[in-house]
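Summary of the model geometry
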Amino acid sequence: MYETALQNATRYAERQGIQLIDQLGSGLDGIVLTTNRQSAVKALRYRTQYEREKSVYLRLEKNGVGTIGGFNIPRLIGCHDDFMVVEMEVVSPPFIVDFAGAYLDEEPDFPPEILRDWIAEKREQFGSRWPAVRSAIAEFRQHGIHIVDAKPGNVMFS
């Protein structure tokens, strides 16, 4: 399932003269690996998710954003369009990561019942910390970034 993404991450690392160390995570969108230069390489499986991830990092970089709502946001180090790879710095909690599901400049057109269910699910996942996550999501929107994949693992508290 991740064979092509892993090959692309390896090819990117070779071109950058870096070594891939450990797998940080994987999901439907791709695979994330640490490197020997204190960065993370995310190789995505689908063009749409790659473009979203890259575009969010470029928007945050353009706006000089390093934190949102008290959460650290990784800085973009590099990317490669052919390999669909994004390299970003590794950040310590509290952080928000994984922007492959984000929308830029347009809110996703979810029916009200889907949005209601999503909010209920997030309240359950984050419990008493949901207001902090909700506030960070609102701050992302001020930059034209609409986060839909807020979940434990992508949002970590210290």
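In what follows, the accompanying structure is described. (Residues numbered from 1 in each chain as written. Predicted model: local features only at pLDDT ≥ 70, side-chain atom pairs only at ≥ 80, totals over all residues. Heavy atoms only, no water.)

Time to look at the packing of aromatic side chains. According to the stated counting rule, one finds five aromatic pairs in the structure shown. Each ring, one from Phe 71 and one from Phe 157, has its centre 5.3 Å from the other, and the planes form 70°; the classification is edge-to-face. Of this pair, Phe 71 sits in strand β5 (residues 71–72) while Phe 157 sits in the segment after β11 (155–156); the two residues are 86 residues apart in sequence, bridging distant segments of the chain. With relative accessibility at 3%, the residue Phe 71 sits in the buried group. Ring geometry for Phe 99 against Phe 140: centres 5.7 Å apart, planes inclined by 55°, an arrangement best described as tilted. Here Phe 140 lies in helix α4 (residues 130–142) and Phe 99 lies in the loop between β8 (95–96) and β9 (103–104), a separation of 41 residues in the sequence. Residue Phe 99 is classed as buried on the basis of its relative accessible area, which comes to 1%. (Phe/Tyr/Trp six-rings, centres within 6.5 Å; stacked < 30°, edge-to-face > 60°. Helix = DSSP H or I, 4+ residues; strand = E, 2+ residues; numbered from the N terminus. Buried < 20%, exposed > 50% of the residue type's maximum accessible area, 1.4 Å probe, protein only.)

The subject of this paragraph is the pairing of strand β1 (residues 20–26). In the sheet, β1 pairs with strand β2 (residues 30–35) via four bridges, with the strands oriented antiparallel. Residue pairing in the sheet places Leu 20 in a bridge with Thr 35 of β2. Between β1 and β2, which pair antiparallel in sequence order, lie three residues. (Pairing = 2+ DSSP bridges.)

The subject of this paragraph is the packing of helix α3 (residues 112–126) against α4. At their nearest, the axes of α3 and α4 sit 8 Å apart, and the two run at 130° to each other. Compared by their axis directions, α3 and α4 come out oblique. Seen from α3, the contacting residues are Trp 118, Lys 122, Arg 123 and Phe 126; seen from α4, they are Trp 130, Val 133 and Ile 137. Looking at the contact of α3 with α4, its residues break down into five nonpolar, no polar and two charged. (Axes fitted to C-alpha atoms, helices over the stretch in contact; angles between N-to-C directions. Parallel < 35°, antiparallel > 145°, perpendicular 65-115°, else oblique. Contact = heavy atoms within 4.5 Å. Nonpolar A, V, L, I, M, F, W, Y, C, P; charged D, E, K, R; others polar.)

Right, let's talk about the pairing of strand β6 (residues 76–80) for a bit. Examined bridge by bridge, β6 and strand β7 (residues 85–89) share four bridges and lie antiparallel to one another. Bridge pairing in β7 links Cys 79 to Val 86. Following β6, the chain reverses through four residues before pairing antiparallel with β7; Met 84 in that reversal takes a positive phi of roughly 55°.

Glancing now at the sheet that holds β7. Taken together, the five strands give an open sheet; going across it, the order is β1-β2-β3-β7-β6, and neighbouring strands pair in antiparallel fashion. Only two strands of the sheet have a single partner each, and these edge strands are β1 and β6. With strand direction ignored, the average angle separating the axes of adjacent strands in the sheet is 20°. Examined bridge by bridge, β2 and strand β3 (residues 39–44) share five bridges and lie antiparallel to one another. Residue Gly 30 lies in a different strand from β3, and its bridge partner there is Leu 44. In the packing of helix α1 (residues 3–16) onto the sheet, the strands contacted are β1, β2, β3, β6 and β7, and the crossing angle to β3 comes to about 135°.

This model, assessed by the stated rule, comprises nine salt bridges. Here Asp 98 ties to Lys 42 by a salt bridge, and the two come within 2.7 Å at their closest N and O atoms. On the criterion of sequence distance, the pair formed by Asp 98 in the loop between β8 and β9 and Lys 42 in strand β3 is long-range, its members being 56 residues apart. In this pair, the class of Asp 98 matches that of Lys 42, namely buried. Close ionic contact of Asp 149 with Lys 151 constitutes a salt bridge, the shortest N to O distance being 3.8 Å. (Salt bridge = Lys/Arg side-chain N within 4 Å of Asp/Glu carboxyl O.)

Where nonpolar side chains cluster on the molecular surface, the patch consists of Phe 110, Ile 114 and Leu 115 and spans about 260 Å² of accessible area. With respect to the secondary-structure elements, Phe 110 resides in the loop between β9 and α3. (Patch = residues over 30% accessible without salt bridge, like charges linked within 9 Å, V, L, I, M, F, W, Y side chains within 5 Å. Areas by Shrake-Rupley, 256 points an atom, 1.4 Å probe, with all protein chains shown as cover.)

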